[in-house]
Amino acid sequence: MGKNEFQKILDKNNKEIINMKKQIKSKDQEIENLKNELEFLRSQILNKNRKIFGKSSEQVDGNQMSFFNEAEKYNDPKAEEPQIEEIKYKRKKVNNRGKKDNLADLKRVVIEHKLKDEEAICEKCGDKLSIIGSKSKELLKYKPAELYVEEHITYVYACKTCDAKADKATIISPDTAKTLLHKSMASNELLAHVITMKYQQALPLYRMESYFETLNVNLSRQTLSNWIINAAIELEDVYNYMKYELLRKDYIHADETPVKVIDSKGAETKSKHYMWVYVSEDLDSVIIFYDYQKTRSSSCPVKFLQNFSGYLQTDGYSGYNKVQNSKRIYCLAHIRRKFFEIIENLNDKALKKSRAIIGFNYCEQIYNIEKDIREQYNYSDNYYDDRHKIRLEKITPIFKDFQEYINTEIINALPESALGKALKYAQNSLPYVKTYLTNGMLEVDNNVAERAVKPFVIGRKNWLFSNTPKGARSSAIIYSIVETTKANGLVVERYLAYLFDKLSELENRNLEDLKKFMPWVPDFPDNFYSTLKK
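The rules we used
- Residues numbered from 1 in each chain as written.
- Predicted model: local features only at pLDDT ≥ 70, side-chain atom pairs only at ≥ 80, totals over all residues.
- Heavy atoms only, no water.
- Helix = DSSP H or I, 4+ residues; strand = E, 2+ residues; numbered from the N terminus.
- Expected span 1.5 Å × (residues − 1).
- Buried < 20%, exposed > 50% of the residue type's maximum accessible area, 1.4 Å probe, protein only.
- Contact = heavy atoms within 4.5 Å.
- Patch = residues over 30% accessible without salt bridge, like charges linked within 9 Å, V, L, I, M, F, W, Y side chains within 5 Å.
- Areas by Shrake-Rupley, 256 points an atom, 1.4 Å probe, with all protein chains shown as cover.
- Salt bridge = Lys/Arg side-chain N within 4 Å of Asp/Glu carboxyl O.
- Lys, Arg positive; Asp, Glu negative; His and termini not counted.
- Charge placed at Lys NZ, Arg CZ, Asp CG, Glu CD.
- Pairing = 2+ DSSP bridges.
- Axes fitted to C-alpha atoms, helices over the stretch in contact; angles between N-to-C directions.
- Parallel < 35°, antiparallel > 145°, perpendicular 65-115°, else oblique.
- Nonpolar A, V, L, I, M, F, W, Y, C, P; charged D, E, K, R; others polar.
- Core = buried A, V, L, I, M, F, W, Y, C linked by side-chain atoms within 4.5 Å.
- Phe/Tyr/Trp six-rings, centres within 6.5 Å; stacked < 30°, edge-to-face > 60°.
- Lys NZ or Arg CZ within 6 Å of the ring centre and 35° of its normal.

A. Here's a closer look at unusual backbone geometry. A positive phi angle is found at Asn216, which is not glycine, with a value near 65°. When you line up the elements, Asn216 lands in the loop between helix 5 (205-213) and helix 6 (221-234).

B. Seen up close, helix 11 (residues 356-377). With 22 residues, helix 11 ought to run about 32 Å at 1.5 Å a step, and its terminal C-alpha atoms sit 32 Å apart, in line with that. Within helix 11, burial applies to Ala356, Ile357, Gly359, Phe360, Tyr362, Cys363, Ile366, Tyr367, Ile369, Glu370 and Ile373. Taken together, the buried residues of helix 11 touch helix 9 (332-343), helix 10 (348-353), helix 12 (383-394), helix 13 (396-412) and helix 14 (418-433).

C. Molecular detail of a nonpolar patch on the surface. A cluster of nonpolar side chains, Ile153, Tyr155, Tyr157 and Ile172, forms an exposed patch at the surface whose accessible area comes to about 490 Å². Tracing the backbone through its elements, the reader meets Tyr155 in the loop between strand 2 (90-92) and strand 3 (157-158). Overall, the relative accessible area of 54% leaves Tyr155 in the exposed class.

D. Structural detail: a negative patch on the surface. Taken together, Glu150, Glu189, Asp501 and Glu505 make up a surface patch of like negative charges. Considering the arrangement of structural elements, one finds Asp501 in helix 17 (residues 492-505). Asp501 sits in the partly exposed class, given a relative accessible area of 31%.

E. Fine view of the sheet that holds strand 7 (residues 286-293). Strand order across the open sheet formed by five strands is 7-6-5-8-9, with mixed pairing between neighbours. Strands with a single pairing partner mark the edges of an open sheet, and in this sheet they are strand 7 and strand 9 (326-329). Across the sheet, the mean angle from the axis of one strand to that of its neighbour is 25°, orientation sign disregarded. Alignment of strand 8 (residues 310-313) against strand 9, held across four bridges, turns out to be parallel. Each bridged residue has a counterpart across the sheet, and for Tyr311 the counterpart in strand 9 is Lys327. Set on the sheet, helix 7 (residues 236-247) makes contact with strand 5 (251-259), strand 6 (273-281) and strand 7; between it and strand 7 the angle comes to about 115°.

F. Focus on the packing of helix 12 against helix 13. Helix 13 packs onto helix 12 with a crossing angle of 40° between their chain directions and a minimal axis gap of 4 Å. If you check the angle between helix 12 and helix 13, you find them oblique. Together, Arg391, Leu392, Glu393 and Lys394 of helix 12 and Thr396, Pro397 and Ile398 of helix 13 make up the contact between the two elements. The residue inventory of the contact of helix 12 with helix 13, partitioned by class, reads three nonpolar, one polar and three charged.

G. Structural context of the pairing of strand 5. Of all nine residues in strand 5, eight are buried, a share of seventy percent or more. The pairing of strand 5 with strand 8 spans three bridges and is parallel. Considered in strand 8, the bridge of His253 is made with Gln313. As paired strands, strand 5 and strand 6 are joined by seven bridges and run antiparallel to one another. When the bridges of strand 6 are listed, His253 appears paired with Val279.

H. Just the nonpolar core, in detail. Ile195, Trp227, Leu235, Tyr290, Leu305, Ile481 and Leu496 are the most contacted members of the largest nonpolar core, which totals 78 residues. Of all hydrophobic cores here, the second largest spans 43 residues; its members include Ile343, Ala356, Ile373 and Ile398.

I. Quick look at the packing of aromatic side chains. For the coordinates displayed, the defined rule picks out 24 aromatic pairs. Their ring planes at 45° and their centres at 5.8 Å tell us that Tyr383 and Tyr384 sit as a pair that is tilted. According to the relative accessible area criterion, Tyr383 is buried, its value standing at 8%. Ring plane angle 65° and centroid distance 6.3 Å describe the contact between Phe399 and Tyr436, whose orientation is recorded as edge-to-face. Pair noted here: Phe399 is in helix 13 and Tyr436 is in the loop between helix 14 and helix 15 (447-458), with a separation of 37 residues, a long-range link. On the basis of relative accessibility, which here comes to 0%, the residue Tyr436 falls in the buried class. Residue placement shows Arg296 over the ring face of Tyr317; its charged tip is 3.8 Å from the ring centre. Above the face of the Tyr425 ring, Lys338 is positioned so that its terminal group lies 5.0 Å from the ring centre.

J. Region of the structure containing the environment of Leu423. Tracing the chain through its elements places Leu423 in helix 14. The exposure class of Leu423 is buried, given its relative accessible area of 0%. Each C-alpha atom of the pair Leu423 and Thr408 lies 9.9 Å from the other, and the pair is 15 residues apart in sequence. Leu423 has contacts with Phe339, Tyr405, Ile406, Glu409, Ile410 and Ala413, leaving out every residue within four places of it along the chain.

K. Quick peek at the pattern of salt bridges. For the structure shown, the criterion picks out 18 salt bridges. Across the pair Arg473 and Glu236 runs a salt bridge whose closest N-O atoms are separated by 2.2 Å. You can see Arg473 sitting in helix 16 (residues 469-487) and its partner Glu236 sitting in helix 7, a full 237 residues away along the chain. Classification of Arg473 as partly exposed rests on a relative accessible area of 33%. Overall, Glu236 belongs to the partly exposed group, its relative accessible area being 23%. One salt bridge in this structure joins Lys486 and Glu483, with 3.3 Å as the shortest N-O distance.

L. Structural detail: helix 7. In this model, helix 7 (twelve residues) spans 17 Å end to end at C-alpha, consistent with the 16 Å of a helix rising 1.5 Å per residue. Residues of helix 7 that are buried include every one of Val238, Tyr239, Tyr241, Met242, Glu245, Leu246 and Leu247, and no others.

Below, the structure is given as structure tokens:
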């Protein structure tokens, strides 16, 4: 065999080897694509199952359980009753089993059980018995609610002497009881109770009707509904003042949630209606404001926030992009959730190979640092400044590594896979999340607004309105006041009764008068504050 022929055979074999390598590479790529597609389809199924059957967030919500299983869920025959030991003040003994029962701040009535003088005689010798000790047992008592009619009779006075001499009589009468609903039999206390049951305890009107029947009173759903709507009309000035104060803030959180609506025929409308939530939370006050709209259009936040100038923190919804004079901040919790949805159902072996766990861990590192800052500097006089400095030092490098990870991984990730979508969302959102590093007062996520949305999830049955804005706006007004009251640590029912009393006395509700009665005013009596939230 000649040299030329040998070279031809060698070239031919090399070409075949090269072609085979190309085919192998192509097959490897095809296999990898199929694996990715399989992983994508598997993640789609898992996510669908999770949304239908599983929890809806990164944490288990203990409230999401069967009504009938509630007693069994928390039943523990071995759990001890809460004990109060008395030293210089009342405090609960340490008990590390679950959520603590707290009785320390309740009114205490002491009842002493002693023998009568004639009984304190020794049966053997007849001498008087002496007290050598005592034992104590505590009972948690309940006083049933009571309704009664308070009749106010207002007498009218006239001067008969002047009446005989003059053409026109002088007639006067004393002031009578004033209530928020002037033409209603509902007292301010009862109205506050009804609103609290519906909007804080999420009790539907039909169940409230049954509740009042147990108190031997027939109050129809129509009557209760009229009270609530008329109360909302009276509270319109308070609602508008809350909006006025909110828009003066320089940092607002925003979110929106669908609201179920029924038309006049009782059928659910096809178009989605929304409740928009705006929250301002700083060291001095919290304002939670609900704004009902018939659409999710960007025109809603644009119109509402037209007089606002400052930081606006939201999720990635593009409807907020047209808001003028605002500096946008996105939410790290939404980025973390995208990665969490990928890894939550993976076994240990798959978890080690997952590229999504890396993105999730970057988010966890940031949250752990935020937690440490809160715990160490929460009572610092310069909390915001301290937080700003530590964030720049510790969190800025993490964001840099996180961004590099996203830019590298997104090249090989399938765009329609769960990982590809998570990376794309993170790539678009992360630059806006990093804005929070510019000011120590800013938060890393939008959880403040998301927490404000929860009352609608819990009380979903209450959100069935007619196809007019009247009922929906009424609930927006009352929810704004109730949730703002809760957020500022006040007892809702007690504050509402106080507010109704004050509004009943006002003839002209100007800003200066309303300012004195807002839930964030710092000088309420101690018994107005919830001791569990102090």
